[in-house]
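Okay, here's what each chain looks like letter by letter:
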Amino acid sequence: MDDFVECNVVDDSVLDKELNPEQAAAAKKINGPMLILAGAGSGKTRCITYKIAHLVSYHKIDSNRVLAVTFTNKAAREMKDRIQKLLNCRKPFTWMGTFHSVCLKLLKLCLAKESVIKALGGKWFDANFSIYDDDDQKRILKEILKDDLGDDYDVNELKKVHSAISRFKNTVLYKNDKAVLQTPDVAALNAEFADEERKARYYAAYQKKLAESNAMDFDDLLFNTVRMLQMVPNLAEQLRERFQYVVVDEYQDTNDVQYELLKLLINRDTKNVTVVGDDDQSIYGWRGANIKIIRNFHRDFAPVTIVKLERNYRSTANIVKGAGSVIAHNVRPAEMQKNVFSKEEAGELIHVRYFEDDRAEASNIAKTVAQAGPDFYAKTAIFYRTNAQSRVLEKALNDLRIPSVIFGGTRFWDRKEIKDVLAYLRVLANEKDDAAYLRVINTPPRAIGKTTVEGVLAKVKAGEGSFWDNLLAEANGTGRGAPKLKVFTDLVTNWKNMMTSGEYPLPILAEHIINDTGYKDFLRKEDEVTADERIANLDEMINAIREFDEEHPGATLDAFLQDISLLTDGDKKVDTSKGLVTLMTIHMAKGLEFNTVHLAGCDDEIFPLVRGTSMLSMAEINEQMEEERRLFYVGCTRAEKKLYLYHAERRFFQGNIRPFAPSRFLKELDPSVVDFTPCLNTRPSVPDFVGNTRSKPSYGSYGSSNYGSRPSYGNSGSGNSYGNRSFGGASHGSSFGGSRSGFGGSSFGSRPAPVPASIKKNDKHIVYRNPVKVVKAPAPSGPTIEYDNPYHEGARVRHSRYGTGVIMKAYGSGDNARVDVRFDRENMNRTIILKYAALEVIG
Ligand SMILES: Nc1ncnc2c1ncn2[C@@H]1O[C@H](COP(=O)(O)OP(=O)(O)OP(=O)(O)O)[C@@H](O)[C@H]1O
């Protein structure tokens, strides 16, 4: 089938019709480097989606030769879907994904080649390496710290070392214009103080341990790809030839290593690259994003075409103006200046409200939400700067019986029961995956002794084979622990045989693991109250594996595990279907939009959050402040119609009740778009924090509170200064630093919460997060599929998701009965497991 005959062509006339003039200009120009500087809500996603569709349909660039990097997996999936819809055909975009997923693909591809391994010096990772998550990393670090400091090492030390290692891997040193990655050797060489030397030493031990387990952590995916391409220049050269076009979304959040990777992959002659971003929305400096990268793009790739998207389609004119007046206080290079505007109605003013304390603030937010009514619940979000602020807000909503959900809770794939079953799958995929073995060897309990396990580990450490080899030897030996170990190794051996037989599709294999281990009974014994929910999670997991199996015909267990390990917090979806108000930190709100936004805690030192200033230079303090202002800007620009900003004069924070001044960002708002209400009190009498009650304070007049809280709208004239409070004051100390995860961490939220399912602007169903329940098809009648079985070769069938098609092959029996179907809409076969699929025979 010729793709170009079948697909729609997105030509100039389509671009002119569907895009505004700036978006169309950006989409049409395909040669040379381009920076699309896109204001908030200006349609950058729409613009690059059309650009890629234009590239592959009109300019006939092979879709597999377009490298398109997105910030989340969700964004990649949605972009792919949108392009396919525009083209009305399913073109493959193998190289569309996050930096991590692209790197993982490159590593798997390259490490499978002996020539590459040889060029790398012969001892690198095997292509079936595991990806270690936070828990696995901490487990290794714990061991290293224990070895060095004894059992009672300081747990904060572990966090610090974890962050330091991530920082080593994410920041590049530049020596004589040459990019030098911070390997353990480089880190040791550059260590100046004893503390740095120690961290470099731990880093070396940690990397050694990962190598022994044939495992990489999340940062390694990027780090090792760049390292590999630096060490094997010929490989980089081939890839530059391969990728005819490079597109990078959210370029403002690129870090040094990602930048180095791009430089290695962008064709040096054509420089065909489009980067899209908004430096005003760069909010990940704390985890290594470097705003200078977007600001220097026009120099690094000169001459660059710069297109500015300045029309905001999302928000009312007042919201756009207000947010713009705050961000204008950041210093921005001339090339980056934007004049973001809205052609929407002026809309309501931005409501700025002050309260005497955080409880009054929370109860007023709840009251305002209640007044809007249940129809608006799902269109309403409440943002805050730090996770700790959510408790009082949740309570206030609950008091008024307003249903709500915290966005950013435990990921589905991070639940304990899910991680246990994943660990069982991991041991099948990588025999050296010690972390996975250790997780499941006694889960459910098998009374395998600590000494036995430590004996096995010691042998692995001494280089005497993999965990699995040693386990087998021990189980088949005469030691006291052998019989119990044998039960475990027999189970694993059996699953391994099932896997290699090719007879057992992934979801069936996973079901076997759950059943053979008695895992559900274990959950019931562990906690009867939570067992049902946790068992339901396991069922969902099987459903997700089934979907993966269908969506990736012929995919291996390894491929599935990779897919899961790439999911991050950014891949979550807000559930708008259940009428819940969404609570989240502002970092989680990136890319989302809501009719109404309430932003609580606009208090100086909370927002902007002050942390670690005594350790920072003035320039670093300024950088931190500008990032906080960008975060405020991101928060405000999520609102479509209504924006409420709150300040509480006293707040319970980090163990104390203390006064706070209004956030300087409130004072920076253009007064012409602000409706200011001082010190509203929603309660007739206010119990204070020691349980006494006192009467409502008489905050009758504007600005009469004690804390100098009246915003000086319009008269600051302070340009880029931060008002009259000193941000770097020693008294602020570092006590506000606790709300963030470590450098390189991906999670802001740690509260358990129901898993969200969809968001307004992108309502496409996501595969793994909340798999859709399927209606089971009638089970095939016999143990084997025979011709009189309805699911025979040649039968026409309809699938709820893929549409109609023809069965090309029918095989397997019982639970394993499956068919390969060629669906009419696609140019490939999909394997469908009859036990799960709603496959209707239509002829
Ligand atoms: N040319 C256009 N005509 C009409 N609506 C548009 C156009 N471009 C974008 N929009 C709409 O504007 C809204 C914002 O677009 P989009 O989500 O692509 O913005 P964004 O630039 O990615 O936002 P942000 O960076 O703030 O997350 C969407 O609802 C989109 O449909």
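Residues numbered from 1 in each chain as written. Predicted model: local features only at pLDDT ≥ 70, side-chain atom pairs only at ≥ 80, totals over all residues. Heavy atoms only, no water.

1. With respect to the pattern of salt bridges
A side chain with one charge can pair with a side chain of the opposite charge if their charged atoms come near. Here is the rule: When a carboxyl oxygen of Asp or Glu is within 4 Å of a side-chain nitrogen of Lys or Arg, the pair counts as a salt bridge. Only DSSP runs of H or I reaching four residues or more are called helices, and only runs of E reaching two or more are called strands; each is numbered from the N terminus. Exposed residues in this analysis have more than 50% of their type's maximum accessible area, buried residues have under 20%, and partly exposed residues fall in between, with area computed by a 1.4 Å probe over protein chains only.
Scanning the entire structure with this criterion turns up 54 salt bridges. A salt bridge links Asp279 to Arg295; its shortest N-O distance comes to 3.0 Å. Of this pair, Asp279 sits in the loop between β9 (273–277) and α15 (291–295) while Arg295 is found in helix α15, placing the two residues 16 residues apart along the sequence. Residue classification places Arg295 among the buried residues on the basis of a relative accessible area of 13%. Arg439 is the salt-bridge partner of Asp420, the closest N and O atoms lying 2.7 Å from each other. Here Asp420 is found in helix α20 (residues 416–429), whereas its partner Arg439 is found in helix α21 (residues 434–440), with 19 residues between them in sequence. One exposure class covers both Asp420 and Arg439, and it is buried. Salt bridges here are not isolated pairs; linked through shared partners, they connect Asp133, Asp135, Lys416, Lys419, Asp420 and Arg439.

2. Here we look at helix α18 (residues 358–372)
Which entries qualify depends on this criterion: A helix is expected to reach a length of 1.5 Å times the quantity of its residues less one. Throughout, a residue-residue contact means that at least one pair of heavy atoms, one from each residue, lies within 4.5 Å. Counted as a polar contact is a pair of N or O atoms within 3.5 Å, where, for protein atoms, one must be capable of donating a hydrogen and the other of accepting one, and residues adjacent in sequence contribute only when both atoms are in side chains.
Between its first and last C-alpha, α18 extends 21 Å over 15 residues, near the 21 Å set by a 1.5 Å rise per residue. Looking only at α18, the buried set comprises Asp358, Ala360, Glu361, Ala362, Asn364, Ile365, Ala366, Thr368 and Val369. The inward-facing, buried residues of α18 abut β13 (350–357), β14 (380–384), α19 (390–399), β16 (581–585), β17 (594–599) and β18 (639–653). Its side-chain oxygen at 3.0 Å from the backbone nitrogen of Arg359, Asp357 defines the N-terminal cap of α18. Downstream of α18 by a residue or two, Gly373 has a phi angle that is positive, lying close to 95 degrees.

3. A closer look at the UniProt feature "domain: UvrD-like helicase ATP-binding" (unreviewed entry) in the chain
Stated precisely, the cut-off is as follows: UniProt positions are given in the numbering used here, feature names are shortened, and annotations may be inferred rather than shown by experiment.
Look at the UniProt record and you will see "domain: UvrD-like helicase ATP-binding" (unreviewed entry) annotated at residues 17–316. As annotated, residues 17–316 has a helix share of 53% and a strand share of 14%, and its two end C-alpha atoms lie 24 Å apart.

4. Remarks on the pairing of strand β8 (residues 245–248)
Operational definition: The pairing criterion is simple: DSSP has to find at least two bridges between the two strands. Place the viewer so that the strands point away; then a crossover is right-handed whenever the path from the first strand over the helix to the second strand goes clockwise.
Burial of β8 is two-sided: the residues Tyr245 and Val247 facing one way and the residues Val246 and Val248 facing the other way are all buried. Judged from the four bridges that link them, strand β2 (residues 66–70) and β8 form a sheet pairing that is parallel. Pairing of Val69 across the sheet is with Val248, part of β8. Here β8 pairs with β9 via three bridges, running parallel. Across the sheet, residue Val248 finds its bridge partner in β9, namely Val275. Taking the sense of rotation as the criterion, the β-α-β connection linking β8, helix α14 (residues 256–265) and β9 turns out right-handed.

5. What about the sheet that holds strand β10 (residues 305–309)?
Rules: To define axes, lines are fitted to C-alpha atoms, for helices over the stretch in contact only, and angles between the resulting N-to-C directions are given on a 0 to 180 degree scale.
On the basis of which strands lie adjacent, the open sheet formed by six strands has the order β3-β2-β8-β9-β1-β10 and parallel pairing. Each edge of the sheet is formed by a strand with only one pairing partner; in this case those strands are β3 (96–98) and β10. Averaged over neighbouring strand pairs, the angle between their axes works out to 15 degrees when direction is ignored. Packing of helix α3 (residues 21–28) onto the sheet brings it into contact with β1 (34–38) and β10, and relative to β10 it is tilted by some 150 degrees.

6. Regarding the side chain of Lys169
Locating Lys169 in the fold gives a position in helix α9 (residues 155–170). Beyond its immediate chain neighbours, meaning those up to four positions away, Lys169 contacts Tyr203, Tyr206, Gln207, Leu210, Asp217, Asp219, Asp220, Phe223 and Val257.

7. Some thoughts on the nonpolar core
How we decide: Throughout, nonpolar core names a set of buried Ala, Val, Leu, Ile, Met, Phe, Trp, Tyr and Cys residues whose side chains join them through atoms within 4.5 Å. Residue ranges assigned to each domain were obtained from an automatic or database domain assignment.
With 75 residues, the main nonpolar core has Leu111, Phe129, Leu221, Met228, Leu229 and Tyr251 as its most contacted residues. The dominant element in this core, judged by the number of residues it contributes, is helix α6 (residues 99–111), at eight residues. Looking at this core, you find at least three residues from each of domain 1 (12–126 + 223–309) and domain 2 (131–213). Once you skip the residues sitting within four places of it in the chain, Tyr251 turns out to touch Tyr259, Leu262, Val275, Val276, Gly277, Ile293, Ile294 and Phe297. In terms of nonpolar packing, the next biggest core, distinct from the first, is built from 53 residues, Tyr437, Val460, Phe467 and Phe560 among them.

8. A few points about helix α24 (residues 482–501)
The α-helix winds at 3.6 residues per turn, so residues separated by three or four positions along the chain end up facing the same way. Counted at 1.5 Å a residue, the expected span for α24 with its 20 residues is 28 Å, and the 27 Å between its end C-alpha atoms agrees. Listing the buried residues of α24 in full gives Ala482, Leu485, Phe488, Thr489, Leu491, Val492, Trp495, Lys496 and Met498. Where α24 is buried, its residues touch α20, α21, α22 (450–461), α23 (467–475) and α25 (506–516). Looking one or two residues past α24, Gly502 carries a phi angle of roughly 75 degrees, positive in sign.

9. Looking at the sheet that holds strand β23 (residues 796–799)
Read across the open sheet, the five strands follow the order β26-β25-β24-β23-β27; overall the sheet is antiparallel. The open sheet has two edge strands, β26 (829–833) and β27 (839–841), and neither has a second partner. Neighbour-to-neighbour, the strand axes of this sheet turn through a mean angle of 40 degrees, independent of strand direction. Pairing between strand β25 (residues 818–823) and β26: five bridges, direction antiparallel. Looking across to β26, one finds that Arg818 is bridged to Ile833. Sheet strands touched by helix α27 (residues 528–551): β23 and β26. Its angle to β26, the strand with the most contacts, is close to 155 degrees.

10. What about the confidence of the model for the chain?
Just so we agree on the cut-off: Each residue carries a pLDDT score, the predictor's own confidence in it, on a scale running from 0 to 100.
On average, residues of the chain score 83 in pLDDT, and 85% of them reach the 70 mark or higher. Of the two predicted TM-score estimates for the complex, the pTM is 0.75 and the ipTM is 0.95.

11. Some thoughts on the domain arrangement of the chain
Entries for the chain in the domain assignment read domain 1 (12–126 + 223–309), domain 2 (131–213), domain 3 (341–411 + 573–677), domain 4 (414–557) and domain 5 (795–841). Taking the mean C-alpha position of each, domain 2 and domain 3 sit 36 Å from one another.

12. Re the state of the cysteines
Which entries qualify depends on this criterion: When the sulfur atoms of two cysteines come within 2.5 Å, that pair is taken as a disulfide.
For the structure shown, the criterion picks out one disulfide. Disulfide pairing places Cys7 opposite Cys89 at an S-S distance of 1.9 Å. Between Cys7 and Cys89, the disulfide has an S-S torsion of 90 degrees and is therefore right-handed. One end of the pair, Cys7, is in the loop between α1 (3–6) and α2 (12–18); the other, Cys89, is in the loop between α5 (73–87) and β3, with 82 residues separating them in the sequence. Given the relative accessible area of 6%, Cys7 is considered buried. Of all cysteine sulfurs, the one in Cys103 lies closest to Cys110, which takes part in no disulfide; the gap is 10 Å. Given the relative accessible area of 7%, Cys110 is considered buried. Note on Cys636: no disulfide assigned, nearest cysteine sulfur contributed by Cys602 at a separation of 7.3 Å. Classification of Cys636 by relative accessible area gives buried; the value is 1%.

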